[in-house]
Structures are given as structure tokens and as C-alpha cells.
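A closer look at the structure
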Amino acid sequence: MAFKVLNPGLFTTVQDLGRPGYFHLGIPVSGAMDRFALRAANLLVGNDEGAAALESVFMGPQLEFEIDATVAVTGADMPARVDGEAKPGWTAFKVRAGQVLTFDYLKGGARIYIAISGGVDTPPSLNSRSTYPIGALGGVEGRPLAIGDVVQLGKGVGAKEGRSVPENLRRMPGSPVELRVLPGLYWRLITEEAGRNFFEDEWAVAPEADRMGYRFRGGRPIEFEKRDQPFGAGSDPSNIVDGCYPYGSIQVPGGTEPIVLHRDAVSGGGYFTLGAVISADMDLIGQLQPHTPARFVKVDMETALTARHDRRSLLDKVRESLS
Amino acid sequence: MAMKQILSPLPGTFYRKPAPDQPAFKSEGDSIAQGDVIGLVEVMKTFFEVKAEAAGKLKVFLVENEDPVTAGQPLADLED
């Protein structure tokens, strides 16, 4: 009941829906960067939506199966092959014991989710199997997969092959990607002009972007209102007295390059935040390649909540189509 | 003469040198053995070695040092 890792690709980790509830202790939520894609992959193979699967960024792994299983690959466009035979994305297919799953070059998006019937059965830590490498939590010994790892699978009957998520229910970022932002508590620290520039400028994903944060560059630097830095804040105008960083919040160290904090981010610190990318758009960020052009779009709370509702409806449609 | 290409396995930024103050891994005209490193692609603060999958002579680089590259993009032409 396992598969063997012949090649891990660039960075393949076990991820489920994460470990909420420990952020106040500095332990991030972790979990899939594109949770919609993870849920869809699990539904396709007959698992619980929150079962642990593999997340691979930019390059797929090579996996040899020791058992027969149903597999589905969702998220990025990176064609899968079983013993060389091409398999469609967002669709359940069978892999027999002894067969090898490989991947072609990435064609679009950034992260694939590989769900396997029964789910990945690594030991949970703090109620989740999600890998948080910096804290050595979850996954295989708290680290990304490595050559030679034998990864256990749970018991699962496996859904039949050929079931597919309809194309109109798949969601991928456009180019430029539009990320909706709700301005936050510290908006008052920047000049009116800087606030306008932030939403007018075209940004691009920096190559450093990872599971902790997505960095953007290319827009004009943020100018700050003059103020005496309060006791406890550093001298740089982008510093504040330490505050909390919610999932999706946008910090701009030194006022130059915005960083959207993602699943493995720290929970607090001394940089001001412009606001937060709305929850409905966080999955899209997980599918951005370096150098992708991006724009930030200002929205209000009502729009953010409507967008969240729309995302839930989309997921409900996927559930219905696969039930 | 058969032409082969070395493709970038992943998206990121292409570098021809192991470090800014060191010489390039390979120059145009060099002989390449299978498995030789011809450059690095940097992404997510990780440097991934690009290796030749076949032997040959490096005819020409198709991208500049520090150019952004996409997965599957040709980086260099090889000839037998």
C-alpha cells in the first residue's frame, strides 16, 4: 500500500487542507496552495476532500506504484503519463502495481495536485499531514519528498476511471492575473498617491515567490506619510510596532516589493501591511509562475464576501457533478 | 548534422555561471557530455542545475544570462 519516489521533481510535498488553530503560536496553516484543486483531485478518486495528496510545483515527480490505485491530477497544466501513456488532467485514471507515473513539462499554472485513492497516509502532526518544512512538521519526516522514499497510502476503494471535472468548473489565473485586495488597518500610513499607484501599476511575480509568500515587483515604490515612528517600531517607515499578519496580507518591506503571505507564512511581525488579498483569490496565487504580470484590484468587504460565496458555489457544482 | 536542444525543465531565471564571480559552466563550441551542467535556473530561492540529456557540441545559447525562461523553453542548440 505505497508508492516509491523515483524522482521528487523540484519540490513535492504532502499537503491536505492544513492545520488551522495554531497560528497564534506561530505555526502557519500550511496545506495546499490551491485548495480548490486539491479538493477536486480528492473527489475524483473517491477520497474525502481533505485527504492528503501531493503538491508539486513547476516539475512533476516520478512515482512507482506498489499497488493498483485510482489517481487524478488537477491544478496546473502538466500532462501526466502512466508508463509513457498520456493521461488527461482533472480526470480519474487507473495506475496498476508496478507502473510508473511521470509528467511532461509544465504548460500553464504552477502547481499540480496528485490525489491517490486511499490518500497519502503519512503520520499526522497537529491534526494535519501537511508538510511545513521549516518547522519539520507533517509529510515525510517534515520535509519534501526525496529519491527512494516509500510513501504509505490509506485504504481506499477508489472511484472508477474516466470521471472528470467539467472544463467550465476548472479555474486558472488569466494574464495579467487580477488579485482583489481589501485595504487594511495600516492603509493610513501611505500617501494617497502611493495608494492609487499600487492599484494602477502592473506588477510581476518575482522568482523568489514560494509557499511562504508571493513577492511582486515592477510597480512604483510606496511613499509613506511623514510620522514620528512610535516606540517599538523600527526606523524604516515600513516598520510598525509588531502586529498580526492574516493569511493573504500584503507586506511591503522598505516600501518596494509587495509580498502576499501564503500558507506557510509567519503569523506576525514588524512590517506594515497594505491589506489582504481576498480569500477567493488565494488559490489563484498558488498557480502563478515567476514573471507572470499581475494587477491588484481594490474591493470592499461586500465584494469580498460575494466572491467567497461564488467560490463555494463553484465547489458545490464540482461536488454535484462528481456525486 | 543532427541538432538537439537542451530545454529548461522549469520556469525561472537562467544563469550561465555557478556564481557571479566564476566562469560560465560552458561556452559556445564546448564539447558536452551527457549529464554535464550547462546552467542554473533559479526559482523559489532554489538553484536547479540544467543538465544535458545527450552528448554533443554546444553550438549556441538561445537565451541570455539572467533571462526569464519558461518550462520546456530551448536554452541551447547542440550538434553531434
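Values in this document were obtained by computation on a predicted structure and should not be read as measured data.

From N to C terminus, chain A includes 4 helices and 20 strands. Seen along its three principal axes, the alpha-carbon backbone of chain A occupies a region of about 65 × 40 × 30 Å. Taking all 323 residues of chain A together, 46% fall into the buried category. A separation of at least 24 residues holds for 77% of the contacts in chain A among residues at least 6 apart in sequence.

Moving on, we get to helix α1 (residues 35-45) of chain A. Residue and element names in this part refer to chain A. Counted residue by residue, α1 has 11 buried out of 11 residues, so it is predominantly covered. All buried positions along α1 are accounted for by Arg35, Phe36, Ala37, Leu38, Arg39, Ala40, Ala41, Asn42, Leu43, Leu44 and Val45. Taken from the residues just after α1, Gly46 is the one with a positive phi, measuring 85°.

A few words on the domain arrangement of chain A. All names here are of chain A. Taken as a whole, chain A is organised into domain 1 (2-169) and domain 2 (177-313). Of note, the centres of domain 1 and domain 2, computed from C-alpha atoms alone, are 29 Å apart. In this assembly, 18 residues from domain 1 lie in contact with 12 residues from domain 2. Listed by contribution, the elements that provide at least two residues to the side of domain 1 that touches domain 2 are α1, β5 (69-77) and β10 (108-116). Among the elements that make up the side of domain 1 that touches domain 2, the one with the highest residue count is β10 (3 residues).

Cis geometry is adopted by the peptide bond preceding A:Pro176, which originates at A:Ser175 and carries an omega value of 0°. Residue A:Trp90 is not a glycine yet carries a positive backbone phi of 55°. Topologically, A:Trp90 is positioned in the loop between β7 (85-87) and β8 (93-95). Accessibility expressed as a C-beta count within 10 Å gives 21 for A:Trp90, which makes it buried. Phi is positive for B:Lys45, close to 60°, though the residue is something other than glycine. Here B:Lys45 falls in the exposed class, since 10 other C-beta atoms lie within 10 Å of it.

As a further point, take the interface of chain B and chain A. Interface extent is often summarised as the accessible area lost during association of the parts. Every contact between the two is made by 14 residues of chain B and, on the other side, 13 residues of chain A. Of all elements in the fold, only β2 (12-15), β4 (37-43) and β5 (46-51) of chain B reach the threshold of two or more residues within the side of chain B that touches chain A. Residue composition of the side of chain B that touches chain A, by class: 8 nonpolar, 4 polar and 2 charged.

Let us look at the nonpolar core. Residue and element names in this part refer to chain A. Within the largest apolar cluster, 97 residues are counted, with the highest numbers of intra-cluster contacts made by Ala41, Ala53, Val71, Tyr113 and Ala115. In terms of residues, this core owes the most to one element, α1, which gives 8 residues. Taken domain by domain, the makeup of this core includes at least three residues from each of domain 1 (2-169) and domain 2 (177-313). Residues contacting Val71, with those up to four places away along its chain left out, are Val45, Phe93, Val95, Leu101, Ile114, Ala115 and Ile116.

With that settled, the discussion passes to the pairing of β10(A). Residues and elements named next belong to chain A. Here β10 lies mainly inside the structure; 8 of its 9 residues are buried. Here strand β3 (residues 53-57) runs beside β10; their pairing, made up of 4 bridges, is antiparallel. Paired with Val57 across the bridge in β10 is Arg111. Sheet analysis places β5 next to β10, joined by 6 bridges and oriented antiparallel.

This brings us to the sheet that holds strand β1 (residues 2-7) of chain A. Residues and elements named next belong to chain A. Taking strand neighbours across the sheet as the criterion, the 6 strands line up as β7-β6-β9-β4-β1-β11 in an open arrangement whose pairing is antiparallel. Looking at the sheet topology across the chains shown, the edges are occupied by β7 and β11 (150-152). Between one strand axis and the next, the sheet turns through 30° on average, direction left out of account. With 4 bridges joining them, β1 and strand β4 (residues 62-65) adopt antiparallel strand pairing. Note on β4: the bridge partner recorded for Val5 is Leu63.

Residue and element names in this part refer to chain A. Put simply, α1 and helix α4 (residues 301-322) touch, their axes get as near as 10 Å, and they point 10° apart. When the axes of α1 and α4 are compared, the pair comes out roughly parallel. On α4, the residues touching Phe36, Arg39, Ala40, Leu43 and Leu44 of α1 are Leu315, Val318, Arg319 and Leu322. Looking at the contact of α1 with α4, its residues break down into 7 nonpolar, no polar and 2 charged.

Before going further, it helps to spend a moment on the sheet that holds β8(A). All names here are of chain A. In spatial order, the strands read β2-β3-β10-β5-β8; together these 5 strands make up an open sheet with antiparallel pairing. Strands at the two margins of the open sheet, each flanked by one partner only, are β2 (12-15) and β8. Taken over all neighbouring pairs, the strand axes of this sheet differ in orientation by 30° on average, direction set aside. Packing of α1 onto the sheet brings it into contact with β2, β3, β5 and β10, and relative to β5 it is tilted by some 155°.

Another aspect to go through is the confidence of the model for chain B. On average, chain B scores 93 in pLDDT, and the residues at 70 or more come to 98%. Overall fold confidence (pTM) sits at 0.94, and the ipTM for the predicted complex is 0.85.

All names here are of chain A. Considering the arrangement of structural elements, one finds Gln15 in strand β2. Note on Gln15: 29 C-beta atoms within 10 Å, which makes it buried. Expressed as a C-alpha distance, the spacing of Gln15 and Phe272, which sit 257 residues apart in the sequence, is 30 Å. Excluding residues within four positions of it along the chain, Gln15 makes contact with Gly31, Ala32, Leu38, Ala52, Ala53, Glu55, Ser130 and Thr131.

Cut-offs used in this document
- Residues numbered from 1 in each chain as written.
- Chains lettered and ligands numbered in written order.
- Predicted model: local features only at pLDDT ≥ 70, side-chain atom pairs only at ≥ 80, totals over all residues.
- Helix = DSSP H or I, 4+ residues; strand = E, 2+ residues; numbered from the N terminus.
- Buried ≥ 20, exposed ≤ 12 C-beta atoms within 10 Å, placed from the backbone.
- Contact = placed C-beta atoms within 7 Å.
- Domains from an automatic or database assignment.
- Nonpolar A, V, L, I, M, F, W, Y, C, P; charged D, E, K, R; others polar.
- Core = buried A, V, L, I, M, F, W, Y, C linked by C-beta atoms within 7 Å.
- Pairing = 2+ DSSP bridges.
- Axes fitted to C-alpha atoms, helices over the stretch in contact; angles between N-to-C directions.
- Parallel < 35°, antiparallel > 145°, perpendicular 65-115°, else oblique.
- pLDDT = per-residue confidence, 0-100.

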